[in-house]
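Structural description and commentary
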Amino acid sequence: MTKKILIVAGEPSGDLHASNLVNNLKSLKPDLKFFGMGGSLMKKSGVDIAFDISHLALVGALEVYKKLFTVGRVYKGLLDRIDAEKPDLAILVDYPGFNLRLARELKARSIPVIYYVSPQVWAWGRDRVNIIKKCVTKILVFFKFEEELYKTYDINAEFVGHPSIDTVKTTLSKDETLKIYDLVKGKPVIALLPGSRTMEVKNFLPVMLESAVIINDKLGGAQFVIAKYGGLPRDMYEDAVNGMALDVRIAESDAYNVIGASDFAIVASGTATLETAIVGTPLAIVYKASLITYILYKFVATIRFLGIVNIIAGKEVAPELLQYKMTPTNIANTVVSIMNDKSKLASMREELSRVKSSLGAPGGSMRAARAILPYL
């Protein structure tokens, strides 16, 4: 009998991880049927997308508040679809504000819940552990320390390793990438990764470009490549670059090759920081949220760092320039200081290599798929 699985992701990184998981589950059990909420990658993997996430990838209290009506409408619609489809299993991917509430409803309907990609309970929201314990059948985690944390609460957790080890790979040599983007060999190349959300690109890219002007001056010449996120319009990036006295390129959906060919990267905090670490390029982490979000974060945060690279390492491997510290001058001074110090660069590369080693062996997504099958 064909089994029906609900799968729910709410942002681009979750869409990617969910799509790979679906592909692996189908390779093990081809007759599985999937429906739920996600993006273009999940749809390409064969998921019947009831609600597209393009308007739901939100960060910060103010941003969520503005979209409450939309999120509520989607939530109710998804529950109606669940009641109609009666899935045999639910896989909830990250997106905890939405998915943990959904987990309660699924529990009430006696639908087993697998949680894939743990909420950052080790950073804030430790009360969410209680919801997970009551409503989640099993949680599959990317980091070993997460498994250890959940087991102290007697929660069925399994470390499957980080799937980005399989997906984050350069496909071109540095020389090939330099040639494609008409970059000069031997001249410093710096990657700019302003995020995957419209709000992030609009707020962060201008600051990154202003810092690039200062960096260019201090280094006596440099080249900059913006890693454009594929789901966002190109003119958003071109408008930011227009009129800048800079040697800058815009790379379309080619972040890993761009990072691999760069001597340094300026990265908005998020999934891209870990991807940069996996590639092995030294980086600085930047981020600025709305004042309300920042105050709430400072109130609830229980860790010293925001960047996952530093959280895994347990120390500041990549400098964090957050909130009021995220200024063009601060960013430029930090980047130039590191780039002019070969020992600092070498030390950061060694630390990034250790972070990558801690993510587990390749095949994380397949291990997750194999861990899910028994619950069908």
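Reference entry: report on the structure contained in this document. What you are looking at is a predicted structure, and each value in this text was computed from that prediction instead of being measured.

Turning to the overall build of the protein, a few remarks are in order. The helix and strand inventory of the protein stands at 18 helices and 13 strands. In summary, the protein has a C-alpha radius of gyration of 21 Å against a globular reference of 21 Å for 376 residues, a match within 12%. With the C-alpha coordinates of the protein rotated into their principal frame, the extents come out at 65 × 40 × 40 Å. Here the contacts in the protein between residues at least 6 apart in sequence split such that 66% fall between residues at least 24 apart.

This next bit is on the sheet that holds strand β4 (residues 89-93). Ordered in space as β3-β2-β1-β4-β5-β6-β7, the seven strands form an open sheet in which the pairing is parallel. This sheet does not close on itself; its edge strands, each paired only once, are β3 (48-52) and β7 (157-159). The mean angle between the axes of side-by-side strands here comes to 15°, regardless of whether they run parallel or antiparallel. Relative to the sheet, helix α1 (residues 12-28) contacts β1 (4-9), β2 (33-38), β4 and β5 (113-116), its axis offset from that of β1 by approximately 160°.

Looking now at the sheet that holds strand β8 (residues 189-193). One open sheet accounts for six strands, arranged β10-β9-β8-β11-β12-β13; its pairing is parallel. Edge positions in the sheet fall to β10 (248-252) and β13 (320-322), since each has one partner strand and no second. Neighbouring strand axes in the sheet, compared pairwise and without regard to direction, differ in orientation by 20° on average. Note: β8 against strand β11 (residues 264-268), four bridges, orientation parallel.

This part takes up the packing of α1 against helix α18 (residues 364-372). Close contact between α1 and α18 brings their axes to 8 Å; oriented N to C, the two are set at 55°. Judged by the inter-axis angle, α1 sits oblique to α18. Read as a crossing pair, α1 and α18 show a hand that is right-handed. Contact with α1, carried on its side by N20, L21, N24, L25, S27 and L28, involves S365, M366, A368, A369, R370 and I372 of α18 and no other residues of that element. Of the residues in the contact of α1 with α18, the class split is seven nonpolar, four polar and one charged.

Further remarks concern the nonpolar core. In this structure, I7, I91, Y116, I190, F224, I226 and I266 are the most contacted members of the largest nonpolar core, which totals 94 residues. When residues of this core are assigned to their parent elements, the largest contribution, eight residues, is made by helix α10 (residues 198-219). Apart from residues no more than four positions distant in its own chain, I91 is found in contact with I5, L6, I7, V8, L21, L25, I114, Y116 and I372.

Evaluation of the coordinates by the stated rule reveals five aromatic pairs. Centre to centre, the rings of Y116 and F142 are 5.3 Å apart; their planes meet at 80°, and the pair counts as edge-to-face. Of the two residues, Y116 sits in strand β5 while F142 sits in the loop between β6 (138-141) and α7 (144-152), which places them 26 residues apart along the sequence. Assigned by exposure class, Y116 and F142 land together as buried.

With that settled, the discussion passes to α10. Its 22 residues give α10 an end-to-end C-alpha distance of 30 Å, which sits within 8% of 32 Å, the value for a rise of 1.5 Å per residue. Helix geometry: α10 is bent most strongly at F204, by close to 30°, with proline P206 lying one to four residues after it. Here α10 has its buried residues at E200, V201, F204, L205, V207, M208, L209, S211, A212 and I215. G220, located one to two residues past α10, shows a positive phi value of around 70°.

Scanning the entire structure with this criterion turns up 21 salt bridges. With its nearest N and O atoms 2.9 Å apart, the salt bridge here joins R81 to E85. Placement of both R81 and E85 in helix α4 (residues 68-85) is noted, with a separation of four residues, approximately one turn of the helix. The exposure class of E85 is partly exposed, given its relative accessible area of 22%. One salt bridge connects K185 with D175, and the closest N-O pair in it is separated by 3.3 Å. Pair noted here: K185 is in the loop between α9 (174-180) and β8 and D175 is in helix α9, with a separation of ten residues, a long-range link. According to the relative accessible area criterion, D175 is partly exposed, its value standing at 42%. It is possible to trace a salt-bridge network through shared partners that takes in K4, D48, R81 and E85.

All right, on to unusual backbone geometry then. A positive phi is found at K86, a non-glycine position, where the angle reads about 50°. By the element assignment, K86 lies in the loop between α4 and β4. With phi around 55°, Q323 is a residue other than glycine that occupies positive phi space. Looking at where Q323 falls in the secondary structure, it is placed in the loop between β13 and α16 (328-339).

Criteria and thresholds
Per chain, residues are indexed from 1 in the order of the written sequence. pLDDT decides what is reported in this predicted model: residues at 70 or higher carry local features, side-chain atom pairs at 80 or more are listed and counted, and totals for whole chains, interfaces and linings draw on all residues regardless. Just so you know, side-chain values use all the structure's heavy atoms and leave hydrogens and water out. The numbering of helices and of strands both runs from the N terminus, where a helix is a DSSP run of H or I of at least 4 residues and a strand a run of E of at least 2. Note on method: radius of gyration uses C-alpha positions; expected globular size equals 2.2 Å times residues raised to 0.38. Only heavy atoms matter for contacts: two residues are in contact if any of them lie within 4.5 Å across the pair. If DSSP finds at least two bridges between two strands, the strands pair. For helices, the axis comes from a line fit to the C-alpha atoms of the stretch in contact; other axes are also lines fit to C-alpha atoms, and the angle between any two N-to-C directions lies between 0 and 180 degrees. Here the word oblique covers every angle except those under 35 degrees (roughly parallel), over 145 (roughly antiparallel) and from 65 to 115 (roughly perpendicular). The handedness criterion is simple: a crossing whose near helix is rotated anticlockwise from the far helix by less than a right angle is left-handed, and one whose near helix is rotated clockwise is right-handed. Put simply, Ala, Val, Leu, Ile, Met, Phe, Trp, Tyr, Cys and Pro go in the nonpolar bin, Asp, Glu, Lys and Arg in the charged bin, and everything else, Gly too, in the polar bin. Among the buried residues, those of types Ala, Val, Leu, Ile, Met, Phe, Trp, Tyr and Cys that are joined through side-chain atoms within 4.5 Å form a nonpolar core. Buried residues are those whose accessible area, probed at 1.4 Å on protein chains only, stays under 20% of the maximum for their type, while exposed residues exceed 50% and partly exposed ones sit between those limits. Aromatic pairs are defined between Phe, Tyr and Trp rings, using the six-membered ring for Trp, whenever the two ring centres lie within 6.5 Å; interplanar angles under 30 degrees are classed as stacked, those over 60 as edge-to-face, and all others as tilted. In a helix, the anticipated span is given by 1.5 Å times the number of residues less one. Values of bend correspond, residue by residue, to the angle between axes fitted over the seven residues ending at that residue and the seven starting there. Here a salt bridge means any side-chain nitrogen of Lys or Arg lying within 4 Å of a carboxyl oxygen belonging to Asp or Glu.

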